Amino acid sequence: MFLTRHGIPPARGSLTPRPGISRVHSTLSIREDYIPNPLAAALQAVSSSNRPVNIQHQASIGGPTGLASQPTTAISLPEGVLAQQQQLPDANRVTSSRGTSITGAPSFTSDAGSFVPTLDGRGNDIEGMLGEILDMDDGGMSWDGQSIFTNEEDEESSDEERDKGMSDEAKILRWRGRRKHFFILSGAGKPVYSRHGNGSGTEQMLVSGYMGVIQTIISFFHDSGGGSGGSGDSLRSFVAGKCKFVIVKEEGPLYLVAVSRLPCESDAQLRTQLDKLYSQVVATLTVSALTKVFTQREGFDLRRLLGGTEVFLDGLSDAMTRGDPGTLLSALECVRLRKRERERVHGVLLKERSEKLLYGMVVADGRLVGVVRPRRHSLHPMDLQVVFGMLFNASTFRDTAGEHWIPICLPKFNSKGYLYAYIHFWRRELAIVLISADPSSFFELRTMKGANGYSVDEVLASSRRGAPPTHLPRVLHFLYKSRRNVQFTMPSWEPHFSTQRARRRVMCVYQALHAKVHRAQDGGGGVGVKVHFERVGGWVAVAWVGGGWEVYVVAQGKEEERGLAEAAARIVRWVGREEERVFVVGGAVF
Amino acid sequence: MSGPDNSKPSSSVKLVLLGEAAVGKSSLVLRFVNNDFQENKEPTIGAAFLTQKCNLPSRTIKFEIWDTAGQERFASLAPMYYRNAQSALVVYDLTKPTSLTKAKHWVAELQRQASPGIVIALVGNKLDLGAITDDNGNSLRAISTEDAKSYAEDEGLLFFETSAKTGEGVKDVFEAIAGEIPESALKSRGAAGAGMGGGRREAEGVLGGAVDLAREGFGAKEGCAC
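Calculation notes
Residues numbered from 1 in each chain as written. Chains lettered and ligands numbered in written order. Predicted model: local features only at pLDDT ≥ 70, side-chain atom pairs only at ≥ 80, totals over all residues. Heavy atoms only, no water. Helix = DSSP H or I, 4+ residues; strand = E, 2+ residues; numbered from the N terminus. Areas by Shrake-Rupley, 256 points an atom, 1.4 Å probe, with all protein chains shown as cover. Pairing = 2+ DSSP bridges. Contact = heavy atoms within 4.5 Å. Axes fitted to C-alpha atoms, helices over the stretch in contact; angles between N-to-C directions. Buried < 20%, exposed > 50% of the residue type's maximum accessible area, 1.4 Å probe, protein only. Polar contact = N/O pair within 3.5 Å; in protein donor to acceptor, adjacent residues only side chain to side chain. Domains from an automatic or database assignment. Buried area = accessible area lost by both parts, 1.4 Å probe. Salt bridge = Lys/Arg side-chain N within 4 Å of Asp/Glu carboxyl O. Arc of directions from axis to C-beta. Patch = residues over 30% accessible without salt bridge, like charges linked within 9 Å, V, L, I, M, F, W, Y side chains within 5 Å. Disulfide = S-S within 2.5 Å. pLDDT = per-residue confidence, 0-100. Core = buried A, V, L, I, M, F, W, Y, C linked by side-chain atoms within 4.5 Å.

## Side note on the overall build of chain A
Part 1 of the reasoning: What chain A contains, in helices and strands, is 18 helices and 21 strands.
Part 2 of the reasoning: Here chain A has roughly 21,700 Å² of accessible surface; of this, 47% comes from carbon and sulfur atoms.

## Quick word on the sheet that holds strand β16 (residues 475-482) of chain A
Residue and element names in this part refer to chain A.
Part 1 of the reasoning: Strand order in the open sheet made by the 6 strands is β10-β17-β16-β20-β19-β18, with mixed pairing throughout. The outermost strands of the open sheet, each flanked by one partner alone, are β10 (332-333) and β18 (531-536).
Part 2 of the reasoning: Strand direction decides the pairing type here: β10 and strand β17 (residues 487-489), joined by 2 bridges, are parallel. Following the sheet pairing, Glu 333 is matched in β17 by Phe 488.
Part 3 of the reasoning: Its contacts with the sheet put helix α17 (residues 561-577) on β16, β17, β18, β19 (539-545) and β20 (549-556), and the angle it makes with β20 is roughly 135°.

## Points about the side chain of Lys 180 of chain A
Residue and element names in this part refer to chain A.
Part 1 of the reasoning: Here Lys 180 is to be found in strand β5 (residues 180-186).
Part 2 of the reasoning: The buried category is assigned to Lys 180, whose relative accessible area is 2%.
Part 3 of the reasoning: A polar contact of 2.6 Å, which involves the side chain of Lys 180, links it to the side chain of Glu 265.
Part 4 of the reasoning: At 3.3 Å, the side chain of Lys 180 and the backbone oxygen of Met 320 are in polar contact.
Part 5 of the reasoning: Once residues lying within four places of it in the same chain are set aside, the contact partners of Lys 180 are His 196, Val 259, Ser 260, Leu 262, Glu 265, Leu 270, Gln 273, Met 320 and Thr 321.

## Some words on the domain arrangement of chain A
Residues and elements named next belong to chain A.
Part 1 of the reasoning: For chain A, the assigned domains read domain 1 (169-221 + 235-321), domain 2 (332-465) and domain 3 (470-519 + 527-583).
Part 2 of the reasoning: Centre-to-centre separation of domain 1 and domain 3, based on C-alpha positions: 31 Å.
Part 3 of the reasoning: In this complex, domain 1 contributes 9 residues to the contact, which on the side of domain 3 involves 6 residues.
Part 4 of the reasoning: A per-residue breakdown of the area domain 1 buries against domain 3 is headed by Arg 179, Cys 264 and Gln 269, which together make up 67% of the total.
Part 5 of the reasoning: Viewed at the interface, domain 3 and domain 1 are joined by 0 salt bridges.
Part 6 of the reasoning: In this structure, the connection of domain 1 to domain 3 is made through 4 residue pairs in polar contact (both at pLDDT 80 or more).
Part 7 of the reasoning: Elements represented by at least two residues in the side of domain 1 that touches domain 3 include exactly α6 (267-285) and α9 (310-322).

## Observations concerning the environment of Val 170 of chain B
All names here are of chain B.
Part 1 of the reasoning: When you line up the elements, Val 170 lands in helix α6 (residues 170-180).
Part 2 of the reasoning: Along the primary structure Val 170 and Arg 31 are separated by 139 residues, whereas in three dimensions their C-alpha atoms are 7.3 Å apart.
Part 3 of the reasoning: Non-local contacts of Val 170, meaning those with residues more than four positions away in its chain, are made with Leu 28, Arg 31, Phe 32, Thr 162, Ser 163 and Ala 164.

## Things to note about helix α5 (residues 145-155) of chain B
Residue and element names in this part refer to chain B.
Part 1 of the reasoning: For α5, the set of buried residues is Ala 148, Tyr 151 and Ala 152. The arc enclosing the buried residues of α5, seen along the axis, measures out at 100°, which places them on a common side. Along α5, the residues that are exposed and aim more than 90 degrees away from the buried face are Glu 146, Glu 153 and Asp 154.
Part 2 of the reasoning: Check the buried side of α5 and you find it contacts β4 (87-93), α3 (97-113), β5 (119-125) and β6 (158-161).
Part 3 of the reasoning: Of the residues trailing α5, Gly 156 is marked for its positive phi of about 70°.

## With respect to a nonpolar patch on the surface
Part 1 of the reasoning: On the surface, Leu 129, Ile 132 and Leu 140 of chain B cluster together into a nonpolar patch covering about 210 Å² of accessible area.
Part 2 of the reasoning: Locating Leu 140 of chain B in the fold gives a position in the loop between α4 (127-130) and α5.

## Details of the state of the cysteines
All names here are of chain A.
Part 1 of the reasoning: Counted under the stated rule, the structure contains 1 disulfide over all chains.
Part 2 of the reasoning: Residue Cys 264 pairs covalently with Cys 508 via a disulfide, S to S 2.1 Å. Linking Cys 264 and Cys 508, the disulfide has an S-S dihedral of approximately -115° and is accordingly described as left-handed. Within this pair, whereas Cys 264 is found in the loop between β9 (254-260) and α6, its partner Cys 508 is found in helix α16 (residues 500-517), the two being separated by 244 residues in sequence. The exposure classification of Cys 264 matches that of Cys 508, with both residues buried.

## Quick notes on the confidence of the model for chain B
Residue and element names in this part refer to chain B.
Part 1 of the reasoning: Considering every residue of chain B, the mean pLDDT works out to 83; 79% of them sit at 70 or more.
Part 2 of the reasoning: Long-range and interchain partners of residues 188-195, a stretch whose pLDDT sits below 50, account for 16 contacts in this model, where long-range means more than four residues apart.
Part 3 of the reasoning: Note that residues 197-226 has pLDDT below 50 and, in this model, 75 contacts with residues that lie over four places away or in other chains.
Part 4 of the reasoning: For this predicted complex, the interface score ipTM comes out at 0.83, while the overall pTM is 0.78.

## Points about the environment of Gly 586 of chain A
All names here are of chain A.
Part 1 of the reasoning: For Gly 586, the position within the fold is in the loop between α18 (579-582) and β21 (588-589).
Part 2 of the reasoning: For Gly 586, a relative accessible area of 10% translates into the label buried.
Part 3 of the reasoning: Gly 586 sits 101 residues away from Asn 485 along the chain, and the two C-alpha atoms are 8.2 Å apart.

## Describing the environment of Arg 83 of chain B
All names here are of chain B.
Part 1 of the reasoning: Within the secondary structure, Arg 83 sits in the loop between α2 (78-82) and β4.
Part 2 of the reasoning: With relative accessibility at 11%, the residue Arg 83 sits in the buried group.
Part 3 of the reasoning: When the C-alpha atoms of Arg 83 and Phe 160 are compared, they prove to be 23 Å apart, with 77 residues separating the residues in sequence.

## A look at the confidence of the model for chain A
Part 1 of the reasoning: In this model, chain A carries a mean pLDDT of 75, and residues with pLDDT of at least 70 account for 68%.
Part 2 of the reasoning: When the criterion is pLDDT under 50, residues 226-231 of chain A qualifies, and its contacts beyond four places in sequence or with other chains add up to 12 contacts.

## Things to note about the nonpolar core
The tendency in soluble globular proteins is for nonpolar side chains to be buried side by side.
Part 1 of the reasoning: Membership of the largest hydrophobic core comes to 122 residues, with the highest contact counts inside it found for Leu 254, Leu 302, Met 361 and Tyr 454 of chain A together with Leu 122 of chain B.
Part 2 of the reasoning: Ranked by residues supplied to this core, first place goes to α6 of chain A with 8 residues.
Part 3 of the reasoning: Mapped onto the domain boundaries, this core takes at least three residues apiece from domain 1 (169-221 + 235-321) and domain 2 (332-465) of chain A.
Part 4 of the reasoning: Setting aside residues up to four positions removed in sequence, Leu 122 of chain B forms contacts with Val 90, Tyr 92, Leu 100, Ala 103, Ala 148, Tyr 151, Ala 152, Leu 157, Leu 158, Phe 159 and Phe 160 of chain B.
Part 5 of the reasoning: Listed in part, the 31 residues of the second largest apolar core include Leu 28, Leu 158, Ala 164 and Ala 178 of chain B.

## Describing the sheet that holds strand β14 (residues 419-427) of chain A
Part 1 of the reasoning: Taking strand neighbours across the sheet as the criterion, the 12 strands line up as β21(A)-β12(A)-β11(A)-β15(A)-β14(A)-β13(A)-β2(B)-β3(B)-β1(B)-β4(B)-β5(B)-β6(B) in an open arrangement whose pairing is mixed. One side of each edge strand has no neighbouring strand; the edge strands of this open sheet are β21 of chain A together with β6 of chain B.
Part 2 of the reasoning: Bridge count between strand β11 (residues 357-364) of chain A and strand β15 (residues 430-436) of chain A: 7 bridges; the pairing is antiparallel. For Gly 360 of chain A, the partnering residue across the bridge sits in β15 of chain A and is Leu 434 of chain A.
Part 3 of the reasoning: Packing of helix α1 (residues 25-34) of chain B onto the sheet brings it into contact with β1 (10-19), β2 (47-55), β3 (60-68), β4 and β5 of chain B, and relative to β3 of chain B it is tilted by some 155°.
Part 4 of the reasoning: Across the sheet, α5 of chain B is in contact with β4, β5 and β6 of chain B; its angle to β6 of chain B comes to roughly 160°.

## Remarks on the pairing of β15 of chain A
Residue and element names in this part refer to chain A.
Part 1 of the reasoning: Within β15, 7 of the 7 residues are buried, leaving the element largely enclosed by the surrounding structure.
Part 2 of the reasoning: Of the two faces of β15, the one holding Leu 430, Ile 432, Leu 434 and Ser 436 and the one holding Ala 431, Val 433 and Ile 435 are both buried throughout.
Part 3 of the reasoning: The pairing of β14 with β15 spans 7 bridges and is antiparallel. What sits directly across from Tyr 420, in β15, is Ser 436.
Part 4 of the reasoning: The antiparallel hairpin formed by β14 and β15 contains 2 residues in its connecting segment.

What follows is the structure, given as structure tokens:
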């Protein structure tokens, strides 16, 4: 085992409500005149109806204290805002909040008065949950009469290309129609990152106004929770209309916020995604630097220090919006390779190893080919996912002519200090990454890149994912995670899920299944089931958690459950036989 | 060391590029090494290392190029790259006044801390943009050739204006630097690649997580290093 297994990243202590402590459910309503004026004017043009936002909130009375700092920006609670707190005996009860609404920015909300319960609240109705996503092809989801998915396929083309000739109203509509938003803001409410809306002035105003609202909501719950001058209460998630908001507070402090319209994602899954974004920030800055700048000056604009790394955050955000199995499973994917071929790669890494080397990796298309490591150190999949994301989600390092030398922090290895990474792409989809603690070891590590020994082209040729198993004709796709190795494997998306839309749909099924069998981690108090079947959208799907593994299978709807269970069992046996081809077991150790 | 591909003597020269973010350092290198140009190039992270040969009438120079990131958070790493360098390109964007100010800071730092004989070229990039006028008929150029040139002469720097986009002037810069490196420097410092400084004071500062974050007035974060 070369990967450490901490499973789902632990929730920060201060954010976790303590079991057994009584909880307060409360509702916050904010009136429209809360929005800063120019922004409100711009938004008024596209939204005229008043919509309430309902916030589900868990306060742990008597929990840790000293969380959010006071807002120091222009966005602070102005007079005239009606902020009322009510005791709700039933979390799912809808309170009518007549005359109290947010117009404009937070129009993630849909029909007035509607309240979409959280995942847990829906019971077993995955079909209902997935209905909207699965109907996407029919343009079934609309917002104010406009389909919100009209520009879905565009999401990878750059905003600049599409911005030409687009009116501000259209941009705002587009911004609000995004399936997902990721925000990072400082404790003082300053924008640090937003995936969308960095283009025109109007958009930026929209985003900073929005972040101000979020910051206000966060600090409202912090300040007022428990009643006695703030008692360590922190807002973790809420649902407004069709949007789920998940908030994570990290060191700094930084607040990371995910806003998702995708009904299949659980709070825990969104938290994992935010943890990954945070890891990217830490990889750039280290936790020490992060806390230092904010200690020195609360209102520090962190964007200045992150400059140049937005592409990595964007790459991660987009991957997680498309649906990323590695993030979902918190596991690493490896290139399936003959044992002999993998041993040869490991052999070269060991033979050429520089004294200064800490970790060495060969990576193809975001998947691990081989790894060399010291006996006493293992790697955390999150660290590798962040590194692989930087390599393959952006084009920064992908010029085959250059060799790169970057300071990088591996958050789970040591969040306080930098390591140095040598990065070279032999081919556009195949790279070597050599990590050292010595900032001046570039030329020593560089000697390890000699391409001949690694049989670069052979490795590249084997790096394509296999087709779905042909001996199980009705199986369309599967995910298999080995918990022991903290790795997963899956067949190619083709031919059944070659479009982004199809892939998004099947990922949605996986996310819903994953939420079912990992319910205990979602703070819902339920116990995760071991096997879960689901018939949905013309498919039948199963999640099955066994000893040390998890398997998720999607098959054609005519497959019976028994047949699907057999298919899943065969996949488990197959991976068992092929373990050393499918996974990197241990890696090369020195 | 590079093997001679003809009878001419061949030697390596270590060159470092410095300058504010988004002035076009990587694009200059890309033009020189691959004769290529990319619009909206992503910013350099850390530093990139590239090599390219330059044929002079009397000898062949193999440039070992450190293309450093312009973002301020990497500034403390710069000594690692310019220490032992025989030449430096200090680049500014001739449409952006602050970038010349930053370039002057780099020149001062090099004169203070780099090898005494280092050959420094001041390069005003984005010459193609300098030829464009906006709607009011004003040129996008913000730094006149004369101003920059007289500064370069005062400091004893080579001076060029280039366009990585069109290629104008790019080759001239590297050839001029190659011609300017004294014969003696080539002999005494042949193994340019071997020296990356032993990671002394500056590098240790970075290892301890103490990248210089306290400094204010950082350069532009917007845009990209073209």
